[in-house]
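Chain and residue survey
Here's the letter readout for the chains.
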Amino acid sequence: MKTILQAKNVQKVFGDKENRYKALEDINLEIRQGEFVGIMGPSGAGKSTLLNIFSTIDTPSSGDVIIDGQNIVTMKEEQLSDFRRNKLGFIFQDYNLLDTLTVKENILLPLALSKVAVSEINRRVDEIADTFGIREILNKYPYHISGGQKQRTAASRAIVTNPSLILADEPTGALDSKSATSLLQSLSALNEKNKSTIMMVTHDAFAASFCKRVIFIKDGQLFTEIYKGEQSRKEFFQRILNILASLGGEQDDLI
């Protein structure tokens, strides 16, 4: 399988000589095409810093990050802007929907900005709306739909461009259990059906149990990783809980 993301000796240091804080230390990891990878760890472990670097929001102090064959560390801001639009999809805890646009218009916005043909836009929107079960609300506005529907709309917008890598930051954090399960099932189906590559940062073992692989970070370093393989989701969930316990603290205390 093609390697979509590769981090080589990534380090991130904050502060000056007097007050240096090493948020990430020698991170080396690969994510291959079609993987659904979870990133977990205690508060302050470096998960958000790592996500910010992979999403081009921040840059490492040293090391390389290669996404779909391109080293994002060496890119200029204009190149990064194009790269973000063409190669990355983002799903955040905050939906970031535009209230003046319908659900359909929110989803198709990145395609319209890229000047994709109208017929292709309609085809992609219909396909992704079916995947996330939101076809019946396409003509509604964000303030008329539930939080779960908003998050599925935001996820649809992130994925409609067929990005090389989908980055999800606590996507179920603001959702009730039913809405969270629905979103996770949709992401899992998308991963299976389209071989979409997803990296999800989460504190929630239930959410992580939908992944195929979970990487644990502690004190800015890779701690361990586990693969789901042939295990049931329930069995994988229990393994995740066991590792979180060994990291220190209950699952709900991990951010």
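Throughout what follows, the structure given in this document is the object of discussion. (Residues numbered from 1 in each chain as written. Predicted model: local features only at pLDDT ≥ 70, side-chain atom pairs only at ≥ 80, totals over all residues. Heavy atoms only, no water.)

1. Overview of the overall build of the protein
Applied cut-off: Secondary structure elements follow DSSP: runs of H or I of four or more residues count as helices, runs of E of two or more count as strands, with numbering from the N terminus. For the radius of gyration, the atoms used are the C-alpha atoms, and the globule rule reads 2.2 Å times the number of residues raised to 0.38. The classification of residues rests on relative accessible area computed with a 1.4 Å probe and restricted to protein chains. Under 20% of the type maximum is buried, over 50% is exposed, and intermediate values are partly exposed. It only takes one pair of heavy atoms within 4.5 Å for two residues to be counted as in contact. Calculation of accessible area relied on Shrake-Rupley with a 1.4 Å probe; when residues are assessed, cover is drawn exclusively from the protein chains displayed. Residues scored as positive are Lys and Arg, those scored as negative are Asp and Glu, and His as well as the terminal groups of each chain are ignored. Here the site of a charge means NZ on Lys, CZ on Arg, CG on Asp, or CD on Glu.
Per the secondary structure count, the protein includes eight helices and ten strands. Relative to a compact globule of 255 residues, whose C-alpha radius of gyration would be 18 Å, the protein shows 18 Å and is just as compact. Projected onto the principal axes, the alpha-carbon positions of the protein cover approximately 55 × 45 × 35 Å. With 255 residues in all, the protein has 47% of them scored as buried. Relative to all contacts within the protein whose residues are 6 or more apart in sequence, the contacts with residues 24 or more apart total 67%. For the protein, the computed accessible surface area is about 12,200 Å², with 46% contributed by carbon and sulfur atoms. Charge separation in the protein, taken as the distance between the mean sites of 31 positive and 32 negative side-chain charges, equals 5 Å.

2. What about the pattern of salt bridges?
We count it as follows: The term salt bridge refers to a pairing of a side-chain nitrogen on Lys or Arg with a carboxyl oxygen on Asp or Glu at a separation within 4 Å.
Within this structure, the stated rule accounts for 14 salt bridges. Two residues, lysine 2 and aspartate 68, come together in a salt bridge whose shortest N-O distance is 2.6 Å. One end of the pair, lysine 2, is in the segment before β1 (3–14); the other, aspartate 68, is in the loop between β4 (62–67) and β5 (70–71), with 66 residues separating them in the sequence. Linked by salt bridges that have partners in common, Glu120, Arg123, Arg124 and Glu127 make up one network.

3. Thoughts on the pairing of strand β10 (residues 221–227)
Under the convention used in this document: Pairing between two strands is assigned when DSSP locates at least 2 bridges connecting them.
The pairing of strand β9 (residues 213–218) with β10 spans six bridges and is classified as antiparallel. Following the sheet pairing, isoleucine 215 is matched in β10 by glutamate 225. Between β9 and β10, which pair antiparallel one after the other, the connecting turn spans two residues, and aspartate 219 there sits at a positive phi close to 55°.

These values are about where atoms sit, not about what they do.
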